Amino acid sequence: MNNRPTDFYSLLAFGLGNVSFQQFVDRFKTKYNQEQTDGFVWDPEIQLDYTYEQLETNLGITTLPTYVDSESDPYDRSLGNFVTGSNRIPTQKARYAMNRKILRERMIAVQKFGQAALNTETRDALLDILFESTDKLLQANVNARTHQRMRICSTGQFTIDAENNPQGLKGLTFDFGIPEANKETLATTNRWWTKSEHTPANEGSTADPLEFLKKKRRAMRKLGYPSGHFEMSQDLLDDLYTHTAVLKRIGLSMNPLVTDASAVTAAGNLPDEAKKTQIERIIGCTIIPRDSLAAVDKFDEAAKALKPVTIENFAPCNVSFIPDGQIGTIKSVQQLSMNDPATRIAWFDGNRTLLTQLYDSKNHAMYVTSETSILLVPQMPKYMQIYTVTA
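Residues numbered from 1 in each chain as written. Predicted model: local features only at pLDDT ≥ 70, side-chain atom pairs only at ≥ 80, totals over all residues. Heavy atoms only, no water.

A. Spotlight on the layout of surface pockets. Volume-wise, the largest pocket comes out at about 1,100 Å³. Lining the largest pocket are 34 residues; nearest its centre among them are Q92, N164, N165, A295 and V296. Elements supplying a minimum of two residues to the lining of the largest pocket: β4 (91–97), α4 (120–155), β5 (157–160), β10 (293–300), β11 (305–312) and β16 (365–378). If one sorts the elements of the lining of the largest pocket by residue count, α4 sits on top with 9 residues. Across the lining of the largest pocket, the residue classes break down as 18 nonpolar, 12 polar and 4 charged. By volume, the second largest pocket is sized at about 270 Å³. Within the residue set of the lining of the second largest pocket, elements represented by two or more residues are β4, β14 (343–348), β15 (353–360) and β16. Here the lining of the second largest pocket is built from residues that sort into 5 nonpolar, 5 polar and 4 charged. (1 Å grid on protein atoms, 1.4 Å probe; cavity = no way out; pocket = protein on both sides within 12 Å on 5 of 7 lines; lining within 4 Å. Points joined across faces, edges and corners; volume = space filled by probe spheres on them. Helix = DSSP H or I, 4+ residues; strand = E, 2+ residues; numbered from the N terminus. Nonpolar A, V, L, I, M, F, W, Y, C, P; charged D, E, K, R; others polar.)

B. The arrangement of the sheet that holds strand β12 (residues 318–323) in detail. The sheet built from 5 strands is open, its strands ordered β7-β17-β12-β8-β9 with mixed pairing. Taken across any chain shown, the strands that pair with only one partner, and hence form the sheet edges, are β7 (183–185) and β9 (286–290). Shown here is a sheet whose adjacent strand axes are inclined to one another by a mean of 20°, direction ignored. Pairing between β7 and strand β17 (residues 385–388): 3 bridges, direction parallel. Bridge pairing in β17 places K183 opposite I386. Sheet strands touched by helix α5 (residues 209–222): β7, β8 (228–233), β12 and β17. Its angle to β17, the strand with the most contacts, is close to 160°. Sheet strands in contact with helix α9 (residues 272–283) are β8 and β9, and its direction is about 130° off that of β9. (Pairing = 2+ DSSP bridges. Axes fitted to C-alpha atoms, helices over the stretch in contact; angles between N-to-C directions. Contact = heavy atoms within 4.5 Å.)

C. Quick look at α5. Counted at 1.5 Å a residue, the expected span for α5 with its 14 residues is 20 Å, and the 20 Å between its end C-alpha atoms agrees. All of the buried residues in α5 are P209, L210, F212, L213, R217 and M220. Viewed along the axis of α5, the buried residues span an arc of 160°, placing them on a single side of the element. Exposed and facing more than 90 degrees away from the buried side of α5 are K215 and K222. G224, located one to two residues past α5, shows a positive phi value of around 85°. (Expected span 1.5 Å × (residues − 1). Buried < 20%, exposed > 50% of the residue type's maximum accessible area, 1.4 Å probe, protein only. Arc of directions from axis to C-beta.)

D. Inspection of the side chain of T390 at higher detail. Of note, T390 is situated in the segment after β17. Judged by its relative accessible area of 5%, T390 is buried. Of note is the side chain of T390, whose polar atom sits 3.2 Å from the backbone oxygen of W193. Of note is the side chain of T390, whose polar atom sits 3.3 Å from the side chain of H198. (Polar contact = N/O pair within 3.5 Å; in protein donor to acceptor, adjacent residues only side chain to side chain.)

E. Geometry of the nonpolar core. Counting 50 residues, the largest nonpolar core has W192, F230, I279, I283, V319 and V389 as its most contacted members. Once residues within four sequence positions are removed from consideration, I279 is found in contact with L210, Y241, V246, I250 and I287. (Core = buried A, V, L, I, M, F, W, Y, C linked by side-chain atoms within 4.5 Å.)

F. Quick look at unusual backbone geometry. One non-glycine residue, T188, adopts positive backbone phi at about 45°. Here T188 shows up in the loop between β7 and α5. Its relative accessible area of 53% is what places T188 among the exposed residues. For D349, which is not glycine, the phi torsion reads 55° and is therefore positive. Following the sequence through the fold, D349 ends up in the loop between β14 and β15. D349 sits in the buried class, given a relative accessible area of 13%.

G. Inspection of the packing of helix α7 (residues 244–254) against helix α8 (residues 260–268) at higher detail. Contact geometry for α7 and α8: axes closest at 7 Å, N-to-C directions at 95°. On the basis of their axis angle, the class for α7 and α8 is roughly perpendicular. Counting all contacts with α7, which are made through T244, L247, K248, I250, G251, L252 and M254, the residues of α8 involved are D260, A263, V264, A267 and G268. Of the residues belonging to the contact of α7 with α8, the class tally is 7 nonpolar, 3 polar and 2 charged. (Parallel < 35°, antiparallel > 145°, perpendicular 65-115°, else oblique.)

H. Structural detail: the pattern of salt bridges. The full count for this structure, using the stated rule, is 17 salt bridges. With a closest N to O distance of 2.9 Å, K331 and D43 form a salt bridge. Note that K331 is positioned in strand β13 (residues 328–333) and D43 in strand β1 (residues 40–47), a separation of 288 residues in sequence. In this structure, K331 and D43 share a single accessibility class: buried. For E211, the salt bridge is made with R249, and the minimal N-O distance between the two is 3.6 Å. Of this pair, E211 sits in helix α5 while R249 sits in helix α7, placing them 38 residues apart in sequence. (Salt bridge = Lys/Arg side-chain N within 4 Å of Asp/Glu carboxyl O.)

I. Here's a closer look at the packing of aromatic side chains. Within the structure shown, the criterion is met by 9 aromatic pairs. For the ring pair F28 and F131, a centre distance of 5.1 Å and an interplane angle of 25° mean the geometry is stacked. Separated by 103 residues along the polypeptide, F28 in the loop between α2 (21–26) and β1 and F131 in helix α4 bring together distant segments of the chain. Take F28: its relative accessible area is 3%, and that puts it in the buried class. Relative accessible area serves as the criterion here: at 38%, F131 is assigned to the partly exposed category. Pairing F158 with F174 gives two aromatic rings, centres 6.3 Å apart and planes at 20°, and the pair type is stacked. Here F158, found in strand β5, pairs with F174, found in strand β6 (residues 172–175); they are 16 residues apart in sequence, far enough to count as distant. A connected cluster of aromatic rings, assembled from ring pairs, spans F21, F24, F28 and F131. Above the face of the Y367 ring, R95 is positioned so that its terminal group lies 3.8 Å from the ring centre. (Phe/Tyr/Trp six-rings, centres within 6.5 Å; stacked < 30°, edge-to-face > 60°. Lys NZ or Arg CZ within 6 Å of the ring centre and 35° of its normal.)

Structure, rendered in structure tokens:
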């Protein structure tokens, strides 16, 4: 009896080694088990609808009991959570067409030569094209969560616009309620640099970056802020290592008896790692640099085609203060899957992401699609601070 496959799904099943699509997708768990969403953890609830509530968390400080007379009832204690706002979780979809040329060639070979075409070479070729499509979709979803995290932590908001979503929805902003008092934009000569080119000639004449950060952290401690750290883009931190006022403070902290010029020279000769250590000692707070880019497909008018364009994940002109530990959750919505015999489905991200194999008989093409509805939502917005410090 000849059991050769007669359709694309059977051919792909052979390429998978006759394991299910779900078993194949499960193999990616090890590769994508490290999220780049520091401070945000998956909400254990997968919602049935798209509306979420933002719970604001206080520091969980255990307060003293209230002194009352012996006949009075006790007062309730606050558990630290209350609703501050709600919105709707956006949906992200993507798909990759599996290599049509390879699929067509292998299908013709099977139809022509039968069992003889079902060899190791065929299996490896099919596995490669399915791996490539699935891998890109899962990587894109991880990148999307990283992008959300970095934008939220560097701007206090997440905006869907022409920059990060050129082919889809635009003009949607998720504002998570960081108080206006926690935001500041430096102006005129107080800016660390007054132009986008961060050279000594463009430094703000009254700018003192380390004193600025030191005062901010000291004020936060007096207000009872939790332990935390400053975040900025790696490029901004690299530029900070060359700022004259920064070098002067580093040099004088090492030897207060030298002249300003000598202090700048001495500090300038330090390696970047040593400069960072001195900066953190002076300001009394850790700095975490964020070196992260995202890529989006944008239509190129000249080429008349989609081309990948890279964008900064962390706002390059901003510095933020972020509490240590968990600062929010990753909200998700249950995706709808139909019992369609024309598709093969699998789940990822703890059943939060739906992957579908779909054969388009009209165009003789096979697609792998991804659908997920996920939004990172901070729970400690009143303890986050955002500063725009430079041009």
